[in-house]
Amino acid sequence: MSAPRLPPLPTVRDILKLYRLNAIKHLSQNFLMDHTFIDKIIAKAGNLAGSQVLEVGPGPGGLTRAILRRVPERLIVVEKDQRFKPTLNMLADSFNAINGKMDIIYDDIMKTNMDSLFPMEKKRNWNDKCPDIFLIGNLPFSISTHLIIEWLHAIAEQRGPWAFGRTRMTLTFQKEVAERLVAREMDQQRCRLSVMAQTWTFPILRFIIPAKAFVPKPEVDVGVVSFTPLVNPRTQHDFKFFEKITRHIFSFRQKYNIRCIETLFPKEYRKDLALMMFKLADLDPTIRAMQLTVTDIDRLASAYKYLLEKHPELELYNYRASKHLLPLKNTKDVVVEDYTEMMEEPNTQSEQFTL
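The model shown is predicted, which means the values in this text are computed figures rather than measured ones.

## Observations concerning the overall build of the protein
Helices and strands together make up the secondary structure of the protein, namely 13 helices and 9 strands. The 355 residues of the protein split such that 52% are buried. Within the protein, counting contacts between residues at least 6 apart in sequence, those at least 24 apart form 70% of the total. Total accessible area on the protein is roughly 17,300 Å²; 49% of this is exposed by carbon and sulfur atoms.

Here you go:
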């Protein structure tokens with residue numbers, strides 16, 4: 001049997017004219033109007049038939065229509081701008097008329113509680129194949145980086161949509177941000193965002209959309225990135241702790257990395273403790289941030305954690321805020337040999353990852 005078809009609807013361009021819906025600059029709104037690219041995004045998202053889909057920022061509904069044509073079991077859209085009520089209600093009415101289900105949430109996605117959006121029967125174990133749940137969105141540039149970090153954190157803690165298993169995402173970013181997300185070692189684009197994305201997911205840059213495909217035309221092209229959470233993350237460290245180390249590692253991109261690691265410690269102990277971290281991690285202190293693998297950064301994080309166990313007061317130090325001296329025990333009391341033995345044990349979860 002062929003899938004049910006949506007009834008004839010006005011085009012997105014006609015709807016924008018009919019309701020006088022202009023993009024609002026402070027909301028970073030850019031409407032994707034090219035159907036070729038819309039269809040490509042949805043094709044790369046996966047098999048949506050019979051699935052649960054969450055679309056972020058549907059706007060006038062260009063991507064929404066393409067999703068509905070794939071006949072998901074249920075589509076949830078989260079839209080902050082209530083000017084789009086008429087067009088989204090029209091799409092919901094049309095889809096519900098063919099026994100589909102489309103729910104509209106008018107809220108800021110940054111504040112939306114996603115813990116109970118999906119039915120429990122869709123839940124799968126983390127080690128199983130990905131659930132029939134998908135996140136899709138043409139994200140506003142102003143929130144895209146912050147939002148993906150928040151969602152990577154949720155993936156690490158297996159909450160929200162990731163309490164149901166390894167939920168996949170297909171999202172748009174500014175071309176430069178998209179390239180950073182997938183940048184490998186030695187790539188000039190490699191940064192904190194690259195490492196965080198690649199530690200908990202397998203990101204793929206699917207294709208680039210030229211700026212002229214959007215209304216209004218943005219100043220940059222747009223990249224479409226898909227994310228599949230890894231069965232085994234490439235670190236066992238807490239997300240915030242690992243992010244802190246990664247942030248320091250990329251604080252001075254052009255300098256030897258020991259200069260970046262030194263910012264973890266008070267000035268009086270900086271050189272000794274930074275050198276000790278590299279010795280514990282068995283890494284060259286003159287390496288630069290873009291040369292480090294995720295496994296290298298994981299080893300540095302483990303070394304820092306070891307130093308914190310020996311000197312808990314170090315955790316109070318903040319490079320940008322702390323000006324006072326932290327009294328430490330003799331740094332030479334740290335036993336490097338015991339830690340080095342632990343680091344030499346094989347860690348298959350750090351060395352390889354599984355989709």
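The discussion continues.
## Here's the deal with the sheet that holds strand E6 (residues 168–174)
With mixed pairing, 7 strands are arranged side by side in an open sheet as E4-E3-E2-E5-E6-E9-E7. The sheet is open, and its two borders are formed by strand E4 (102–106) and strand E7 (201–209), each paired with just one other strand. Across this sheet, the average inter-strand angle for adjacent strands is 20°, counted without regard to direction. In this sheet, strand E5 (residues 133–137) lies alongside strand E2 (residues 52–56) in parallel orientation, the contact comprising 5 bridges. Note on E5: the bridge partner recorded for leucine 54 is leucine 135. Against the sheet, helix H2 (residues 35–45) makes contact with E5, E6, E7 and strand E9 (222–229), and its axis sits at roughly 165° relative to E7, the strand it touches most. Each of E7 and E9 is contacted by helix H7 (residues 192–200), which is oriented at about 120° to E7, the strand it contacts most.

## Thoughts on the packing of helix H10 (residues 270–281) against helix H11 (residues 294–310)
It is the contact of H10 with H11, at a shortest axis distance of 8 Å, that shows an interaxial angle of 125°. By the angle class used here, H10 and H11 are oblique. Along this stretch, H10 crosses H11, giving a crossing that reads as right-handed. Along its contact with H10, which presents Leu273, Met276, Met277, Phe278, Leu280 and Ala281, the element H11 presents Arg299, Leu300, Ala303, Tyr304, Tyr306 and Leu307.

## Comments concerning the pairing of E2
Taking burial as the measure, the 5 residues of E2 include 5 buried ones, the bulk of the element. Pairing geometry for E2 and strand E3 (residues 74–79), over 5 bridges, is parallel. Bridged to leucine 54 within E3 is isoleucine 76. Between the parallel pair E2 and E3, the chain is carried across by helix H3 (residues 62–69), and the sense of this crossover is right-handed.

## So, the pattern of salt bridges
Evaluated as defined, the whole model comprises 11 salt bridges. Note that glutamate 185 and arginine 190 form a salt bridge whose closest N and O atoms lie 3.6 Å from each other. The partner of glutamate 262 in a salt bridge is arginine 259, with the nearest N and O atoms 2.8 Å apart. A single network of salt bridges, built from pairs that share partners, joins Arg74, Lys101 and Asp103.

## Section: the UniProt feature "binding site: S-adenosyl-L-methionine" (unreviewed entry) in the protein
The sites that carry the UniProt feature "binding site: S-adenosyl-L-methionine" (unreviewed entry) are, in the present numbering, Asn30, Leu32, Gly57, Glu79, Asp108 and Asn138. Inspection of the secondary structure assignment puts asparagine 30 in the loop between helix H1 (12–18) and strand E1 (31–32). Excluding its chain neighbours within four sequence positions, the residues that come into contact with asparagine 30 are Asn138, Phe141, Phe214, Val215, Pro216, Lys217 and Pro218. If sequence neighbours within four positions are ignored, leucine 32 has contacts with Phe37, Ile38, Ile41, Asn138, Ile209, Ala213 and Phe214.

## Re H11
Helix length check: H11 (17 residues) gives 25 Å between terminal C-alpha atoms against 24 Å at 1.5 Å per residue, within 8%. Taking burial as the measure, the 17 residues of H11 include 13 buried ones, the bulk of the element.

## Examining unusual backbone geometry
For the bond running from valine 215 to proline 216, omega is -10°, close enough to zero to count as cis. Inspection of the secondary structure puts proline 216 in the loop between strand E8 (214–215) and E9. For methionine 186, which is not a glycine, the phi torsion comes out positive at approximately 75°. In this fold, methionine 186 is placed in the loop between helix H6 (175–182) and H7.

## What to know about the pairing of E5
Here E5 lies mainly inside the structure; 5 of its 5 residues are buried. Taking every second residue as pointing to the same face, both faces of E5 are buried, with Ile133, Leu135 and Gly137 on one and Phe134 and Ile136 on the other. One ladder, built from 4 bridges, connects E5 with E6; its direction is parallel. Residue phenylalanine 134 lies in a different strand from E6, and its bridge partner there is arginine 168. What joins E5 to E6 is helix H5 (residues 141–156), and the crossover it makes is right-handed.

## Description of the nonpolar core
Side chains of nonpolar character tend, in soluble globular proteins, to be buried together. Residues Trp151, Met169, Phe173, Phe227, Ile249, Phe265 and Met277 are the most contacted members of the largest nonpolar core, which totals 68 residues. Residues lining this core come from more than one domain, with at least three contributed by each of domain 1 (12–229) and domain 2 (239–325). Of all hydrophobic cores here, the second largest spans 33 residues; its members include Phe31, Ile136, Phe207 and Val222.

## Examining the packing of aromatic side chains
Summed over all chains, the structure comprises 9 aromatic pairs. Consider the rings of tryptophan 200 and phenylalanine 239, whose centres lie 5.0 Å apart with planes at 45°: the pair is tilted. With tryptophan 200 in helix H7 and phenylalanine 239 in helix H8 (residues 239–249), this pair connects stretches of sequence that are 39 residues apart. Phenylalanine 239 shares its class with tryptophan 200; the two are buried.

About the cut-offs
- Note that residues are indexed from 1 along each chain, following the sequence as it is written.
- Confidence filtering applies because this is a predicted model: local features only for residues at pLDDT of at least 70, side-chain atom pairs given and counted only at 80 or more, and all residues used for totals across whole chains, interfaces and linings.
- Hydrogens and waters are ignored; side-chain quantities use all the structure's heavy atoms.
- Strands here are runs of E lasting at least two residues and helices are runs of H or I lasting at least four, both read from the DSSP assignment and numbered beginning at the N terminus.
- Burial here depends on accessible area, computed with a 1.4 Å probe over protein chains only, as a share of the maximum for the residue type. Under 20% is buried, over 50% is exposed, and the range in between is partly exposed.
- Here a residue-residue contact requires only that any non-hydrogen atoms of the pair lie within 4.5 Å.
- For accessible areas, the Shrake-Rupley method is used with a probe of radius 1.4 Å. Any residue's cover is judged against the shown protein chains and nothing else.
- Two strands qualify as a pair provided that DSSP identifies no fewer than 2 bridges between them.
- Orientation is described by axes fitted as lines to C-alpha atoms, over the contacting stretch for helices, and by angles from 0 to 180 degrees between their N-to-C directions.
- When an angle is under 35 degrees it counts as roughly parallel; over 145 it counts as roughly antiparallel; between 65 and 115 it counts as roughly perpendicular; any other value is oblique.
- Each crossing is labelled by how the near helix is turned from the far one, with a counterclockwise turn of less than a right angle marking it left-handed and a clockwise turn marking it right-handed.
- Crossover handedness is defined here as right-handed if the route from the first strand over the helix to the second strand goes clockwise, with the strands pointing away from the viewer.
- Here a salt bridge means any side-chain nitrogen of Lys or Arg lying within 4 Å of a carboxyl oxygen belonging to Asp or Glu.
- UniProt positions are given in the numbering used here, feature names are shortened, and annotations may be inferred rather than shown by experiment.
- Multiplying 1.5 Å by the residue count of a helix minus one yields the expected span of that helix.
- Definition of nonpolar core: a set of buried residues of the types Ala, Val, Leu, Ile, Met, Phe, Trp, Tyr and Cys, connected through side-chain atoms within 4.5 Å.
- Per the annotation, domain bounds derive from an automatic or database assignment of domains.
- Between the rings of Phe, Tyr and Trp (Trp by its six-membered ring), a pair exists once the centres lie within 6.5 Å; its type follows the angle of the planes, with under 30 degrees stacked, over 60 edge-to-face, and the other angles tilted.

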